[in-house]
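Reading the structure
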Amino acid sequence: MEEFGYRGGELYCEGVALSEIARGVGTPAYVYSRAALEGAYRELDEAFSGLDHLVCFAVKANGNLAVLRTLASLGAGADIVSGGELYRAVRAGFDPKKIVFAGVGKTGEELTSGLGERILTFNVESAAELEQLNETAARYGKKARVSLRVNPDVDAESHPAISTGNEDSKFGVPLAEAAALADHAAGLRCVELVGVHQHIGSQMTRLDPLVNSLKKTTDLVAELKSRGHEIRYFNMGGGLGIRYNDENVPGPRELVEAARPYLESTGATIICEMGRYMAGNAGAMLTSVVYRKRSGHKSFLVADAGMNDLLRPSLYDAYHEIRALKEDTPPTTADLVGPVCESGDFLAQGRELPDAAEGDALAVMSAGAYGFAMSSNYNSRPRPAEVMVSGDRWAVVREREHNADLVKGELVPAFL
Ligand code: LLP
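Residues numbered from 1 in each chain as written. Predicted model: local features only at pLDDT ≥ 70, side-chain atom pairs only at ≥ 80, totals over all residues. Heavy atoms only, no water.

1. Remarks on helix H5 (residues 108-117)
- Glu110, Leu111, Gly114 and Leu115 are the residues of H5 that are buried. Seen end-on, H5 carries its buried residues on one side only, within an arc spanning 140°.
- Where H5 is buried, its residues contact helix H4 (83-92), strand S7 (99-101), strand S8 (121-124), helix H6 (127-139) and strand S9 (144-151).
- Positive phi shows up at arginine 118, right after H5, with a value of about 55°. (Buried < 20%, exposed > 50% of the residue type's maximum accessible area, 1.4 Å probe, protein only. Helix = DSSP H or I, 4+ residues; strand = E, 2+ residues; numbered from the N terminus. Arc of directions from axis to C-beta. Contact = heavy atoms within 4.5 Å.)

2. Examining the pairing of strand S2 (residues 10-13)
- Only one face of S2 is covered, namely the face carrying Leu11 and Cys13; the face carrying Glu10 and Tyr12 is uncovered.
- With 4 bridges joining them, strand S1 (residues 4-7) and S2 adopt antiparallel strand pairing. Within S2, the residue paired with glycine 5 across the bridge is tyrosine 12.
- Hairpin connection, S1 to S2: the antiparallel pair is bridged by 2 residues, and glycine 8 has positive phi, about 55°.
- Here 2 bridges tie S2 to strand S3 (residues 16-17), and the two strands are oriented antiparallel to one another. Across the sheet, residue cysteine 13 finds its bridge partner in S3, namely valine 16.
- Between the antiparallel neighbours S2 and S3 lie 2 residues, among them glutamate 14 with a positive phi of about 50°. (Pairing = 2+ DSSP bridges.)

3. Some words on the nonpolar core
- The biggest cluster of nonpolar side chains holds 101 residues, and the ones touching the most others in it are Phe48, Leu71 and Met236.
- Both of domain 1 (4-32 + 280-406) and domain 2 (95-274) provide at least three residues apiece to this core.
- Counting 19 residues, the second-largest nonpolar core is a separate cluster that includes Leu11, Val16, Ile21 and Ala385. (Core = buried A, V, L, I, M, F, W, Y, C linked by side-chain atoms within 4.5 Å. Domains from an automatic or database assignment.)

4. Details of the packing of helix H2 (residues 34-47) against helix H9 (residues 252-266)
- In contact at an axis separation of 8 Å, H2 and H9 are set at 25° when each is read in the N-to-C sense. By the angle between their directions, the pair H2 and H9 is classed as roughly parallel. Crossing hand, H2 versus H9: right-handed. Here Glu43, Leu44 and Ala47 of H2 come into contact with H9, specifically with Pro252, Arg253, Val256 and Arg260.
- Of the residues that constitute the contact of H2 with H9, the class distribution is 4 nonpolar, no polar and 3 charged. (Axes fitted to C-alpha atoms, helices over the stretch in contact; angles between N-to-C directions. Parallel < 35°, antiparallel > 145°, perpendicular 65-115°, else oblique. Left-handed = near helix turned anticlockwise from the far one by under 90°. Nonpolar A, V, L, I, M, F, W, Y, C, P; charged D, E, K, R; others polar.)

5. Describing the environment of cysteine 272
- Summarising the element assignment, cysteine 272 is placed in strand S13 (residues 269-274).
- Through-space distance from the C-alpha of cysteine 272 to that of alanine 363 is 30 Å; in sequence the pair is 91 residues apart.
- In this view, cysteine 272 contacts Phe48, Leu54, Val55, Cys56, Asn235, Met236 and Gly237; residues no more than four positions away in its chain are not counted.

6. Examining the site of the ligand
- Taken together, the neighbourhood of the ligand is formed by 18 residues, with Ser202, Glu273, Arg276, Arg312 and Tyr370 sitting nearest.
- Note that an oxygen atom of the ligand is positioned 2.8 Å from one of the backbone N or O atoms of glycine 239.
- Take arginine 312: an N or O atom from its side chain is 2.6 Å from an oxygen atom of the ligand.
- Contact with the protein chains covers 92% of the free accessible surface of the ligand, which is 590 Å².
- Put simply, the parts of the chain that give the shell around the ligand at least two residues each are S13 and helix H11 (312-316). (Near = heavy atom within 4 Å. Polar contact = N/O pair within 3.5 Å; in protein donor to acceptor, adjacent residues only side chain to side chain. Areas by Shrake-Rupley, 256 points an atom, 1.4 Å probe, with all protein chains shown as cover.)

7. Some remarks on the packing of aromatic side chains
- Evaluated as defined, the whole model comprises 3 aromatic pairs.
- Taking the centre distance of 6.0 Å and the plane angle of 85° together, the rings of tyrosine 30 and phenylalanine 372 count as edge-to-face. Of this pair, tyrosine 30 sits in strand S4 (residues 29-33) while phenylalanine 372 sits in the loop between strand S19 (361-364) and strand S20 (385-390), and the two are 342 residues apart along the sequence.
- Look at tyrosine 30 and you get buried, because its relative accessible area is 0%. (Phe/Tyr/Trp six-rings, centres within 6.5 Å; stacked < 30°, edge-to-face > 60°.)

Rendered as structure tokens:
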């Protein structure tokens, strides 16, 4: 996270003082570092060296076109989960031959769009989806490349809401049923089974669950090969954790070293699809203190950003470091809360925070992944601006929404 740091007492993103951005575009605003995105991508790419591989970016983590363009131009692929993400990925310049499409509920329309773009693989998550894809491809005279997403029944040991590899989770095909489904796929005319996919969870801070899962899913690859299936792609998923606070997290190099024997055993092109690792620490959200108040035994800093702008603290009780823009700001113990009318609307609770005055801006760190991407207009709040920094330059990469955006598409019927 060196791209964000104090210089001469001021918090900078690369060569730009965050106070300059806060003044220029107002708050709340998301700020992304191009260098941090690039650094994380390269770190991942280099970790896989020696293996035929494709590093994909999980678009769900941050779909901003400038962020996507940054990664696409470095050669990254894209992991998408909706027709909307396909649209973004293609617009941003990702090569469709590097796009993989996951998700348990792809509609016929979404499958059609993916076929139209000739994406690399559909990560099929059920027998029913396989039939639907086969029929859709037949209708358009196409053949769809398919990876089977398998559920290895391994606990990712992450937050329950973002663990996806347990037996009872909705994701993937149970491992025990995968071989039969693969044999079935081989008999279908308009799908071609080319790969195996797994993804067991997000923000994983230990490698054991992933390695245990890889043992199972790469064994499956061996079994499928012995049954005559040509498995050209092995997608190990995403989920590598980042440091939000003081977590000790393994890096890409450790991940790939632990996984290498299993990955090598597949003889396939290895795909990984990381979102948070590339974008999480490449972004911060700027917010200003509107009021300070005391209530009961507590002190509150009331910010101009809330759970609609950054949902992670409210939804997962997630920790995001809060930094002052001026390094010498003394600490205080308080809650940093938003203006949204819910008691669950907070950015930090009962923590040591910068003792910011009314009007001061703060930086909510590690907000580049699942930050803006999960924002909403709840309480009819226009969503924040997004900014990208590159060296000593910066640009608005998404305008702050206006009130008119809030009612866009709404109609008052004639009978009213
Ligand atoms: N591949 C698949 C199939 C996924 O479902 C996900 C994330 C990823 C890759 C990327 O995972 P990552 O490398 O970013 O951990 N909103 C939550 C995270 C949800 C993750 C959903 N799937 C959060 O804010 O923590």
